Structure formats: structure tokens, C-alpha cells
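Residue-level structure breakdown
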Amino acid sequence: GKEKWPRGEEKVWKDAMRDVDTEVTSITKSFVNHVQTSLARQPYNLDNLGAYQAAALSVRDNLLVNWNETALQYTRKAPKRAYYLSLEFLMGRTLDNALLNLGLKDQYSEGVKKLGFSVEDILDQERDAALGNGGLGRLAACYLDSSASQELPVWGYGLRYKYGIFQQLISPAGDQLEAPDPWLDNQNPWELPRLDVSYEIRFYGQAERLGDGTPRATWSGGQEVLAVAYDVMIPGCYTKTTNNLRLWESKPKRGFDLNSFNAGNYEGAVEASNSAAAITSVLYPNDHTTFGKELRLKQQYFWTAASLADILRRFKNIGKPITEFPDYVAIQLNDTHPTLAIPELMRILIDEEDQPWSTAWQIVTNTFFYTNHTVLPEALEKWPVPLMEHLLPRHMQIIYDINLLFLQSVEKKFPGDRDRLGRMSLIEEGFPKQVRMAYLACIGSRKVNGVAELHSDLVKTTILKDFVEFEGISKFGNVTNGSELTPRRWLDQCNPELSSLISSTLKVDKAVWLKDLTRLEALLPFTEDEAFRKEWAAIKQRNKERLAHHVQTTLGFTINTNAMFDVQIKRLHEYKRQTLNILGVIHRYLTLKNMSAAEKKKVNPRVVFFAGKAAPAYYIAKLTIRLIVNVARIINEDPDTKDLLQLYFLPDYSVSLAEVLIPASDISQHISTAGTEASGTSNMKFCLNGGLLLGTVDGANIEIAEEVGESNVFFFGHLTPAVEDLRYQHTYHPTPIEEKCPALANVLNQVSAGLFGDAHVYEPLLNTIRQGDHYLLSDDFDSYIAALAMVDEAYLDQTEWVKKSIRTTAKMGKFSSDRAINEYAESYWNIEAQKIA
Ligand code: NBY
């Protein structure tokens, strides 16, 4: 039958509804309209920031048309949906991406030009949305983009931190300083406050079992805060589909603590409201550890409880029985951070929906999916039982119940194996006892996956080995996220010239190949086309000049653009071995110092770039930054070497900085100790942009080499199976570094002797290598230096180098986040694309 229009006259509504602006004249009209009304400003005093805001608001209007349409159709058709729960979404800037995805960049450029602005200047006004630390957060952002582009009904859920990742400053001595990132200060045109969508979230209080023969309990008292929704539109590329990222903000519950007010305890009441607002005030800046902080656990519960309440409410609107929940909802846990969603859904099903335990557990274990992002033991999340009992008493009861039933079933399968029970318990014995979140995530999920082949194998054979034996191998899979890279942002947007060259060469519109990256393979025959190679190399050169210009204008350094650009950009971490890189730079410097003028003539100049933040409390990582900065000071001023070797630490690494650095790189370094980097994702971005890879046999480097061919990457270092034995040797049969690796010993001694100043400051860093050397720098140093020499050698043959570069880009199809998200959609979530008409 004919659908009844919701209210009033349908025609009046429909006639008044706007569509997406595609004509330059309507774009300028909406821009001016926003200047005049939303911003209340005048043409004569409109600066670039104002112009950015007007452009953003006008683009937002367009996105909203599609966003509303998408939401409406999802509601009408009620397809199964997936929800991506991530504490981090490292979105970067939005305007350029939105323009490209809408296919409106040319029209907007023309429009703002007519109004006296340049689109580049306008785009440059936007602050990064930096609600993430590194790879995990950027992966989440890429997956949202790909979901929308693949027309998949996927929503993200996260927190609206008032302060994103800290801003990194470098002190005169070379130390990292942290400043807050008040990213919302200039207003954020990309979010829609949904003050009408809010939930009450409880903490602390008392949990009491009913003891009526059901598993039910009540949870009361404590503190209640409000979760308020802010929506961020996620446009797909060349499609109407515009999905949603819902971020929660914490607010005091209205009328909260009236009792304190009435008792004259005004400060008490205000303090309570401050404590509510504190929950979403700041992103934790640690990328591989949490320190058992109560506020962090509060964030996790606040976010998972609000998200689940929202998902449940949407499900209930469909009017299906609760047992069908998993037919309509898949929830992806991005690492263990949202694991509390598992006991929280149990709590709702049992205490509020009155379901029997086994039904509830059935629903839960068919709803959740867990992605692991690390096997480093120190990075596996654990929470002290006393803290959990205090903050979330009902959840702690439920976790104990889950554990008891779980261990009983383990006992049944492996009778008498007490060791195994201890190993697999959700509760780790000790003082205090701790809840092992990865185990809870594992047993509460339908499937578990790692993020690259090697990593997924390690998950199965190390941290979750017992669980594989108990639950069967088929629950454990791999989705090489690695493949997170978004071809649009990471190629079309940050490297527009390369993008147009590809379109014209392949004679395929970018609308096609940007949505099917495997098409890039058709570039392979052009490696033999000299004109094409020249054009390819010229574009790389212009991207290097763009980076040099950026560094010149922001930092005042003059960079030699005839040099090879060698880049390592990522969070500072011992396992990622930036220290190996800087020691390698020092080795190169010392070698150059000893060369004759004639020998130097044969050396190709090199510029080494570092960027990345260290966790504020990570002392050794911060020392590495200090060493890099101080080595740079000395060698960049040394007349003997400065034409052949330059070194820069670019402060405050961000998504936007990556967009300038990545297209300019000739070679990038991904040199983690084998078996430690789960995947890596920037490695893919560099390769897609025609940069070659220098790396260890680790993470997604391995799969990249499989695709592009080992002759096109530079591998070095020991392999994963050797690592354990080497560490054993270091501990029980240590060999002095002087004996084992004289070249490294010499470098360390020069640093110790004060060649770069501060003779004593670096000792704790150097001692990590001299004693224990957990990350095996002394084992890999010689082969690293040899690999660097091979890179130098290869670079001398520019023809062959450019061929390698083309081949690398051509074979990167596998690493599109579109491919990865389709794997999740098909093999995990069981959701289907929805065409938005
Ligand atoms: O996730 C990274 C992995 O190290 C990298 O190999 C992989 O490519 C990427 C995407 O799968 N992990 C990562 O970025 N982790 C974090 O940022 C992170 C943040 C917070 C916490 C732990 C890890 N935390 O416990 O608070």
C-alpha cells in the first residue's frame, strides 16, 4: 500500500527540501548565505578562517542531505548493521576529503576563487581531529570511510574528547614537551550536537543478587552521569551513502545531587558535576599501555554502556524479539578497550530483559567480534579486581559468573589439567588480582582476528594458544588490516598529481580505479615506457619540493631536494626501533667524516626525516627524541658532511603532516624487531605513493613484499622464530657488544663520549642496548647497515629505482581498506551493501 506521509502536506515538504548543490552558482550562494547568517560576517572582513567555516558549513549542508537519506533508508529497510566500537578515531581534516568524496572539489575551488579565496588556503585553516594515538585510531577512521564508500550500514561509536592527542613541542635541549590540544575551540562544523539523544550511565553503588533462583541482580546508588550524542557525518566516495560516527560527551545529570545543594554543600555539588565532565575531557596518550587508571576505566564503561543502550533502542524499534538481536546487530571491538560491552550486554539481558543466562550468553557470543592489535605482553589490558568491584560492582559479579561457567567447561574438556585452568582464567592471580580483558573479549566473541598474517599466527600460537585448543581454530582468523589504507585520502587527496597521471595512463576515470585499487596493476607495462617513468619521477620530485617548502615555511630549514628522502614516522617506541635508525645515521656520519673528497663524490646525498610522539611518561622513548634532535644539530652544521647528510625531527606529527611527508618519500623505514609490529599501516601508504620500503620481516611488510616482489623491497634482520633464542642468549650468555658488533660499539661509544653533547644524558638509553637488548639492536645492526648500503646502491640507478617505484604502487591493490572492510562485512559481520537511491 501507499505509505502515509508523516505529517502535513507531503508536497509542501518535498518541494521545500533541498538537494546536493552541484552548480558553482548554487555553491557560491550557499557560501555567502552562511557568511551572512551562520557567521554573521561581512565580505570585507572575512578572513581565511571565516571562509573555511563558511565553506565547511555549506559542504555540511550537502552532506546532511545524503546523511538524512541514508538514515531514513536504513530505518525503513532495517538491514543487519555493524557497529565499530573504538576509543580512538584519528580523522584528521574533513573538508578536503568531503569535497573529494562528494565529487565537488572542482566546483568549490572555482566558487571560492570567484569570491576571492584560494581553496588551498581555506583547506589549510582546518584543525586536525586527532582523537587517536596512532595506527589503531587511524585504522578506525579508514574503516569508516571505506564502509560508507562500499555502501555498508556501519556506524562508529567513540568518545568526544575535549582534548585530543597532545601537541608535541621540542624544548631547546631537545626534549618533548606536551601541550593540550583544544581542537574544539574554533567550533567544529562537522559535528551535530544531539542533545535529544542521551542516556544515564551509572558508576559505583551496590549490586545485589535477587537470590530468587534467577541470575538477576539489582544495581543501585553511586554516581549517575549523562552521555550526550554528537554525530559526525561520514560520506562515502562517489556514493550517496553517508554513515554516522556517534561520539559521546559526558555531562552531569541535571538536578544531580540536589541534596548537596540543599544541605548547603555547594562545592560538593559542583565538584560532582566537574567529575562528570572529566570523563570525556582527554584522550589517554599511551599507545601500548594503560596504567590501571580509574578515569580510563570510567571512559570505557561510559562509552560502551551509552553505545549499547543506543544500539538496543534502535533494535527495539524494529519490533523483533530480543533473541534475534544478533540477526540485526554485529559489534566490532577495536582491541580490548570496549570489552566491558560484553558484561554490560549480559547485565542488560539478564537484569533488565529477564533472559536466562544461557540465552543471554548465546546472544552475546553471536553479537561481538574482537580484533587484537598487539601480542606484546606488557600491552595486554588488565584491570585490578578491586577497582572493578568498586566502580562496576554488578559487572564484576557477571565476570566472575562467566569465568566460573567457562572454567567448568574447560575442566570438562581437559579433566584435571589445573595448570590450564590457571592459565585460562579470566582472573589472573596476584596482588591485586586482575581481569584479563583479552581473554574476556575472546570468549565473549563470535570471532577473533589479528591484523596481518604473521600477527594472526602469533595470536593463535602465543597469547590465545589455549583458547584455540579449547574453542577450535575456526573461531580465529586474520584480516590483514594492515590494509586499512584509504586510497582516496592516501593517494588522490595527498598526491593529486600522481592520481591524475594514473587516470590518464590507464584511461580509466578515477571514480573507477579509486574504488578498485587492483586496477593499478595495469600500470605494470608502463615501467618500460620512458616518458611515463619521467613523468612519474617528476611528480615524486615535486612532492619532495612541496615537503621542503612546508619545512622551510614552518621550521625555517632549507632541505636539499636533490637528496634521497628517507622517512620514519610513527609513535616512538622501543619495539619500533627509532633508536636503530638514529644509530645508523650516526654510523653514516662517522663514515662520511672518514672519507676522502674523491670517495665522497660517489655518495648520493640523503635527508633523513623522523616524526612521532612519545607517550608522556615513556622516558626511554623521550630520550630517543632528544638524541635525534641533538644529532641533527651537530651534523646539519658540519661543513664536512652537510651536503651529503641532513637529519630532521619534525615536531607534532599528525595526519595532516603525514599527508605531506608520505608522497615525498623515496624510502621509508619499518624496522621493528621481528614479531612485534602487528601490522603497520603507514608502510602501505608509502608504497601506494611509490615509496620503497626498508624493513624487517615483520607485520604487513611481509605481505607487501609478497605482492610487490622481494626484489622491490629492502629486507634485513633476524626472523621471528629466532627472536626468543636471541633473547635467551642475551640473558644467559651475553657477549660484549665490542666483540659482537664493533660498528655498533663504536657508535655507542661516540655518543657516550659526548660527540652530540650531554655525555651522561643518553646512558639509560644506551644501556637498554648494552644490557639485555630486548629489541635486538645488536643482533640486527650489521644487516641494517648493509641494507642501507643496498638502498644507496639501488638509488644510483634511477631508471631501475623508478621502475621499482611504479611496480610498488601497481601492486598495492590488496592493501585497500575497501578490501579489508569487505572481508569483515562478509566473513565476520554478515552484513550487506545498501544502495541509497
Ligand atoms: O594498530 C597498532 C599496531 O601497533 C600496528 O601494528 C597496527 O598496524 C595498528 C592497526 O592495526 N596499535 C596501536 O596503534 N595501538 C594503540 O594506539 C593503542 C592505544 C591505546 C592503548 C593501546 C594501544 N591503550 O591500551 O590505551
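Residues numbered from 1 in each chain as written. Predicted model: local features only at pLDDT ≥ 70, side-chain atom pairs only at ≥ 80, totals over all residues. Heavy atoms only, no water.

Moving on to the pattern of salt bridges. Enumeration over the complete set of coordinates arrives at 56 salt bridges. One salt bridge in this structure joins Glu200 and Lys253, with 3.6 Å as the shortest N-O distance. Residue Glu200 is located in strand E7 (residues 191-203), and its partner Lys253 is located in the loop between strand E11 (242-252) and helix H8 (258-262); the two are separated by 53 residues in the primary sequence. Overall, the relative accessible area of 48% leaves Glu200 in the partly exposed class. The network of salt bridges with shared partners includes Arg194, Asp231, Arg246, Asp310, Arg313 and Arg314. (Salt bridge = Lys/Arg side-chain N within 4 Å of Asp/Glu carboxyl O. Helix = DSSP H or I, 4+ residues; strand = E, 2+ residues; numbered from the N terminus. Buried < 20%, exposed > 50% of the residue type's maximum accessible area, 1.4 Å probe, protein only.)

Through backbone hydrogen bonds, the strands of a sheet pair up, either in parallel or in antiparallel fashion. The nine strands are arranged E7-E10-E11-E4-E1-E12-E13-E17-E18 in an open sheet whose pairing can be described as mixed. What marks the edges here is a single partner per strand, and that holds for E7 and strand E18 (476-478). Going across the sheet, the axis of each strand differs from the next one's by a mean of 25 degrees, ignoring polarity. Looking at chain direction, strand E17 (residues 447-450) and E18 are connected through three bridges and run parallel. When the sheet's bridge partners are listed, Gly450 is paired in E18 with Asn478. The strands touched by helix H10 (residues 294-318) within the sheet are strand E1 (81-85), strand E4 (154-159), E7, strand E10 (223-235), E11, strand E12 (329-334) and strand E13 (368-371), with E7 carrying the most contacts at an inclination of about 110 degrees. (Pairing = 2+ DSSP bridges. Axes fitted to C-alpha atoms, helices over the stretch in contact; angles between N-to-C directions. Contact = heavy atoms within 4.5 Å.)

Attention now moves to the domain arrangement of the protein. Splitting the protein by domain gives domain 1 (18-77 + 101-125), domain 2 (78-93 + 128-478) and domain 3 (545-818). Distance between the C-alpha centres of domain 1 and domain 3: 42 Å. (Domains from an automatic or database assignment.)

Neighbouring the ligand are 21 residues, the closest being Asp287, Arg296, His373, Glu677 and Gly680. Taking Ala678, its main chain carries an N or O atom lying 3.3 Å from an oxygen atom of the ligand. Taking Gly680, its main chain carries an N or O atom lying 2.8 Å from an oxygen atom of the ligand. Protein burial of the ligand: of its 560 Å² of free accessible surface, 95% is covered by the chains. Among the elements that take part in the shell around the ligand, helix H7 (residues 135-149) stands out by supplying three residues, more than any other. A class-by-class count of the residues in the shell around the ligand yields five nonpolar, twelve polar and four charged. (Near = heavy atom within 4 Å. Polar contact = N/O pair within 3.5 Å; in protein donor to acceptor, adjacent residues only side chain to side chain. Areas by Shrake-Rupley, 256 points an atom, 1.4 Å probe, with all protein chains shown as cover. Nonpolar A, V, L, I, M, F, W, Y, C, P; charged D, E, K, R; others polar.)

This brings us to the layout of surface pockets. Size it by volume and the second largest pocket reaches roughly 1000 Å³. For the second largest pocket, the lining is made up of 39 residues, of which Trp67, Asn68, Glu69, Ala71 and Leu72 are closest to its centre. Every element with two or more residues in the lining of the second largest pocket is listed here: helix H3 (48-77), E1, E7, E11 and H10. Among the residues forming the lining of the second largest pocket, the class breakdown is 19 nonpolar, seven polar and 13 charged. Counting contributing residues per domain, the lining of the second largest pocket is built from domain 1 (18-77 + 101-125) and domain 2 (78-93 + 128-478), each supplying no fewer than three. (1 Å grid on protein atoms, 1.4 Å probe; cavity = no way out; pocket = protein on both sides within 12 Å on 5 of 7 lines; lining within 4 Å. Points joined across faces, edges and corners; volume = space filled by probe spheres on them.)

Our next topic: the packing of aromatic side chains. Under the criterion given, the structure shown has 29 aromatic pairs. When the ring of Tyr439 is compared with that of Phe467, the centres are 4.6 Å apart and the planes differ by 50 degrees; the resulting orientation is tilted. Of this pair, Tyr439 sits in helix H17 (residues 437-443) while Phe467 sits in helix H19 (residues 465-471); the two residues are 28 residues apart in sequence, bridging distant segments of the chain. Take Tyr439 and Phe467: they sit in the same class, and that class is buried. Seen from their ring centres, Phe714 and Trp801 are 6.2 Å apart, and the 25 degrees between their planes marks the pair as stacked. A residue pair is termed long-range when its members are at least 10 positions apart, and Phe714 in strand E24 (residues 714-716) and Trp801 in helix H35 (residues 798-810) qualify at 87 residues. The pair formed by Phe714 and Trp801 is uniform in burial state, with each residue classed as buried. (Phe/Tyr/Trp six-rings, centres within 6.5 Å; stacked < 30°, edge-to-face > 60°.)

Within E11, nine of the eleven residues are buried, which leaves it mostly tucked inside the rest of the structure. In textbook terms, the turn of a hairpin is the stretch between consecutive antiparallel strands, and for E10 and E11 this stretch comprises six residues, one of which, Tyr238, has a positive phi near 50 degrees.

Tracing the sequence through the fold places Asn334 in strand E12. Here Asn334 falls in the buried class, since its relative accessible area comes to 0%. Polar side-chain contacts of Asn334 include one of 3.2 Å to the side chain of Tyr84. Dropping the residues within four chain positions of it, Asn334 is found in contact with Tyr84, Leu85, Ser86, Leu136, Ala140, Thr371 and His373.

Right, let's talk about the sheet that holds E24 for a bit. With respect to topology, six strands assemble into an open sheet ordered E21-E20-E19-E22-E23-E24, the strand pairing being parallel. With partners counted over all chains shown, the strands left at the sheet margins are strand E21 (645-649) and E24, one partner each. For this sheet, the mean angle separating the axes of adjacent strands, direction not counted, is 15 degrees. Contacting strand E22 (667-670), strand E23 (692-696) and E24, H35 crosses the sheet at an angle of about 80 degrees to E23.

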